[in-house]
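The residues making up each chain are set out below.
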Amino acid sequence: MNIQTTAPPGPARAVLDDAHIGDIRGALGTVSIGDVAPRRRLSRRFKTLLAILGPGLIVMVGDNDAGAFGTYTQAGQNYGTHLLWTLLLLIPVLYVNQEMVVRLGVVSGVGHARLILERFGKFWGAFSVIDLFILNALTLVTEFIGVSLACSYLGLPKVPTVIVAALVIVGAASTGSFRRFERLCLALVVGSLLLIPIYVLAHPPAAQMAHDFLVPGMPPGSELSTVMLLIIAIVGTTVAPWQLFFQQSYVIDKRITPPFMRYEKADLIIGITIVIVGAAAMMGFSAAAFEGTSAFGHFTDAGGTAAGLGKYVSHTAGTLFAIALLDASIIGAAAVGLSTAYATSDVLDVKHSLHRKVTEAKGFYACFAGLLAVATALVLIPGVPLGTLTSGVQTLAGVLLPSASVFLLLLCNDKAVLGPWVNGMKTNIFTGVVVWVLVLLSVILTAGVLFPNIGGSAIIGVLVGGSAVGAVLGAVLLLQRRREAGRRDPAPKASEAERAAWRMPPLELLERPVMSTARKVGLITLRGYLVFAVGLVVVKLVTVGIG
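Residues numbered from 1 in each chain as written. Predicted model: local features only at pLDDT ≥ 70, side-chain atom pairs only at ≥ 80, totals over all residues. Heavy atoms only, no water.

J.: Is there a simple way to explain the overall build of the protein in this structure?
T.: Secondary structure assignment for the protein yields 22 helices and two strands. Over its C-alpha trace the protein gives a radius of gyration of 23 Å, about what one expects of a compact globule, namely 24 Å for 547 residues. Seen through its C-alpha atoms, the protein measures out along the principal axes to roughly 70 × 50 × 45 Å. Among the 547 residues that make up the protein, the fraction classed as buried is 55%. Put simply, of all contacts in the protein between residues at least 6 apart along the chain, 85% involve residues at least 24 apart. On the protein, roughly 22600 Å² of surface is accessible, and the fraction owed to carbon and sulfur atoms is 68%. (Helix = DSSP H or I, 4+ residues; strand = E, 2+ residues; numbered from the N terminus. Rg over C-alpha atoms; globule rule 2.2 N^0.38 Å. Buried < 20%, exposed > 50% of the residue type's maximum accessible area, 1.4 Å probe, protein only. Contact = heavy atoms within 4.5 Å. Areas by Shrake-Rupley, 256 points an atom, 1.4 Å probe, with all protein chains shown as cover.)

J.: What is the right way to look at the side chain of Ser249 in this model?
T.: With respect to the helices and strands, Ser249 occurs in helix 12 (residues 241-253). Under the relative-accessibility criterion, Ser249 is labelled buried at 6%. With sequence-adjacent residues up to four places away left out, Ser249 is seen in contact with Gly111, Tyr342 and Asp346.

J.: Looking at this structure, how should I read the packing of aromatic side chains?
T.: Applying the stated criterion to the full structure yields 10 aromatic pairs. With a centroid separation of 5.0 Å and an interplanar angle of 35 degrees, the aromatic rings of Phe178 and Tyr250 are classed as tilted. With Phe178 in helix 8 (residues 178-191) and Tyr250 in helix 12, the pair connects residues that are 72 residues apart, well separated along the chain. Phe178 sits in the buried class, given a relative accessible area of 2%. The exposure class of Tyr250 is buried, given its relative accessible area of 0%. Chaining the aromatic ring pairs together yields one cluster made of Phe178, Trp242, Phe246 and Tyr250. Cation over ring: Arg499 sits above Trp421, and NZ or CZ is 3.9 Å from the ring centre. (Phe/Tyr/Trp six-rings, centres within 6.5 Å; stacked < 30°, edge-to-face > 60°. Lys NZ or Arg CZ within 6 Å of the ring centre and 35° of its normal.)

J.: Explain the nonpolar core here, please?
T.: Burial of nonpolar side chains together is a common tendency in soluble globular proteins. Counting 162 residues, the largest nonpolar core has Leu83, Leu87, Phe144, Phe181, Ile234, Phe285 and Leu354 as the members making the most contacts within it. Not counting chain neighbours up to four residues away, the residues in contact with Phe285 comprise Leu195, Ile198, Tyr199, Ala202, Pro204, Leu309 and Phe321. (Core = buried A, V, L, I, M, F, W, Y, C linked by side-chain atoms within 4.5 Å.)

J.: It is not clear to me how the pattern of salt bridges should be interpreted in this structure. Could you clarify?
T.: Between side chains of opposite charge, a pair can form as their charged atoms come close. If you walk through the whole model with that rule in mind, you get 10 salt bridges. Here Arg103 makes a salt bridge to Glu99, at a shortest N to O gap of 2.8 Å. Linking Arg103 with Glu99, this pair stays in helix 4 (residues 85-108), spanning four residues, or about one helical turn. In terms of burial, Arg103 and Glu99 fall into one category: buried. (Salt bridge = Lys/Arg side-chain N within 4 Å of Asp/Glu carboxyl O.)

J.: What am I meant to see in empty space enclosed by the protein here?
T.: Picture a little ball the size of a water molecule; that probe, rolled over the atoms, points out where space is still empty. Scanning all chains against the criterion turns up six cavities of 30 Å³ or more. Empty space within the largest cavity amounts to approximately 140 Å³. What lines the largest cavity is a set of 13 residues, and nearest its centre among them are Ser128, Asp131, Pro241, Phe245 and Ala404. Among the residues forming the lining of the largest cavity, the class breakdown is eight nonpolar, three polar and two charged. (1 Å grid on protein atoms, 1.4 Å probe; cavity = no way out; pocket = protein on both sides within 12 Å on 5 of 7 lines; lining within 4 Å. Points joined across faces, edges and corners; volume = space filled by probe spheres on them. Nonpolar A, V, L, I, M, F, W, Y, C, P; charged D, E, K, R; others polar.)

J.: In this structure, what is going on with unusual backbone geometry? I would like to understand it.
T.: With phi around 35 degrees, His203 is a residue other than glycine that occupies positive phi space. A relative accessible area of 61% places His203 in the exposed class.

J.: What exactly am I supposed to notice about the confidence of the model for the protein here?
T.: Segments scoring low in pLDDT should not have their predicted coordinates read at a detailed level. Of the residues in the protein, 91% have a pLDDT of 70 or more, and the chain-wide mean is 85. A low-confidence stretch, residues 1-10 (pLDDT under 50), is modelled with 16 contacts involving residues beyond four sequence positions or located in other chains. (pLDDT = per-residue confidence, 0-100.)

J.: What's the story with the packing of helix 4 against helix 11 (residues 224-238) in this structure? I'm lost.
T.: To describe two helices that pack against each other, one gives the angle between their axes and the distance between the axes. Two elements in contact, helix 4 and helix 11, have axes separated by 11 Å at closest approach and are oriented at 35 degrees. As helix 4 packs across helix 11, the resulting crossing turns out to be right-handed. In this structure, helix 4 contributes Trp85, Thr86, Leu87, Leu90 and Leu94 to the contact, and helix 11 contributes Ile231, Ile234, Val235 and Thr238. Grouping the constituent residues of the contact of helix 4 with helix 11 by class yields seven nonpolar, two polar and no charged. (Axes fitted to C-alpha atoms, helices over the stretch in contact; angles between N-to-C directions. Left-handed = near helix turned anticlockwise from the far one by under 90°.)

J.: It is not clear to me how the packing of helix 5 (residues 112-120) against helix 15 (residues 315-348) should be interpreted in this structure. Could you clarify?
T.: At a closest axis distance of 7 Å, the pairing of helix 5 and helix 15 adopts a crossing angle of 35 degrees. With respect to the hand of their crossing, helix 5 and helix 15 are arranged in right-handed fashion. Across the interface between the two elements, His112, Ala113, Arg114 and Leu117 of helix 5 pack against Ala343, Asp346 and Val347 of helix 15. For the contact of helix 5 with helix 15, the per-class residue count stands at four nonpolar, one polar and two charged.

J.: Is there a simple way to think about a nonpolar patch on the surface in this case?
T.: A cluster of nonpolar side chains, Val190, Leu193, Ile196, Val200 and Val277, forms an exposed patch at the surface whose accessible area comes to about 430 Å². Considering the arrangement of structural elements, one finds Leu193 in the loop between helix 8 and helix 9 (195-202). For Leu193, a relative accessible area of 40% gives the class partly exposed. (Patch = residues over 30% accessible without salt bridge, like charges linked within 9 Å, V, L, I, M, F, W, Y side chains within 5 Å.)

J.: Sorry, what's going on with the environment of Gly318 here?
T.: Within the secondary structure layout, Gly318 lies in helix 15. Distance from Gly318 to Leu473, taken between C-alpha atoms, is 50 Å for residues 155 residues apart in sequence. Not counting residues up to four positions away in its chain, the partners in contact with Gly318 are Tyr153, Ala306, Leu309 and Gly310.

J.: Any chance you could explain the side chain of Gln77 here in plain terms?
T.: Summarising the element assignment, Gln77 is placed in helix 3 (residues 66-79). Within the structure, the side chain of Gln77 is placed 3.3 Å from the backbone oxygen of His298, a separation counted as a polar contact. Once residues within four sequence positions are removed from consideration, Gln77 is found in contact with Ser286, Ala287, Phe290, Ala295, Phe296, Gly297, His298, Phe299 and Thr305. (Polar contact = N/O pair within 3.5 Å; in protein donor to acceptor, adjacent residues only side chain to side chain.)

Here it is in structure tokens:
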């Protein structure tokens, strides 16, 4: 039942595609455009949550894609459950990052790539889209690698199955019905729960998993630079740059507005819970299956994991894993492909909505279908090192994440964009710490490539020294911000009603901020370093691949 309470007309706001205005037509319900009355009854709240449910679930379960299957099971097969603690540390990172893009999307109504372009200029906008395009293209290749590996284990012919999977994904997104696409995605979300019975069949020691989840530690006797490569891959597959672009555009396309912000945050929390449970299950059952066997410490790819589960646990476990891998690859390919199509269409200023038919948004759907076609063709080339490519893409995502997080942080402090929804001090401090930790991880990776025999004491020295430098820089920035705030009269705090009604004005009415010299130097330095770090990651991956 929908209450038709019409919202009062608000100020002009930014709308890049008029298909983004209208009723919220989710997979599990509808909220009319004027239905903004308070939900006082529990049943009304639950129905609203069902209607909103989708963006958080899809982006998070799409995060547990083929690359994640390879990365998490590699951690379990090679190092047992010793790296489970990384998942615990990433939970708040996931929430804060995705909550910020939800806020940006709901309040601004403009996609992530377009906001970067408008607020920082063509130079940085081009960098962000080029980074995303290249990384997403490689990620899509890993999704279809997942499809091919699952098909091989299940005895399905590789070439026609991969092509059919690509056609199904394109077809599902191209019907002109947002609701139909979201229903398919939520069905795939349910399919991801197949990881739980695999965990039960493998029955890893729960006490050991709980200890390794809560207590950080490094795998004994392992090469530190290789472990750091995997840790960065775990970071890159759990908190990937494409998620920022996808969720911001998807909540816009779903027509979610500020009055429903808390429901979308609940959707995000449910998604994070599912993704962490799935990731922990994969590390746990792969560790239990391979520990004590000749295959322990010799990960190849997710197909090898399926074969190992079938051999060391049961045929049922191997089959369920292959089906879950196929499921994850399809939802991952859909989300990553849409992330790129949304961002590209944002920048090129063309129509981009799943509410539109192909004839109404040709550029949007052409970009989506073209990327999937190229990825499919690359996977079908014989001799591609599937395992190395999969882990390498996740590592590259981890290295490039600091750059994406910096722009996200800057946008969420832009009052012209978010008004009363800008970040608070605690969120800024936490996000700043996260960005600095990601930079330190990439520095350690860089050191590991340049100096393969680097010892644990040197790495600890980098962490301690880097943390000290970060603390000093953070203190300086905090003092500077407080001084600037002290020179201005404090703005009155907006009421909940004012926050709910506030939307970003049209882009043409916004004055582009003047970037300070210090900010320019900082961004250019970060960009230069990341280009260098990406080059070294490629060197490391080639070394691992031929070694």
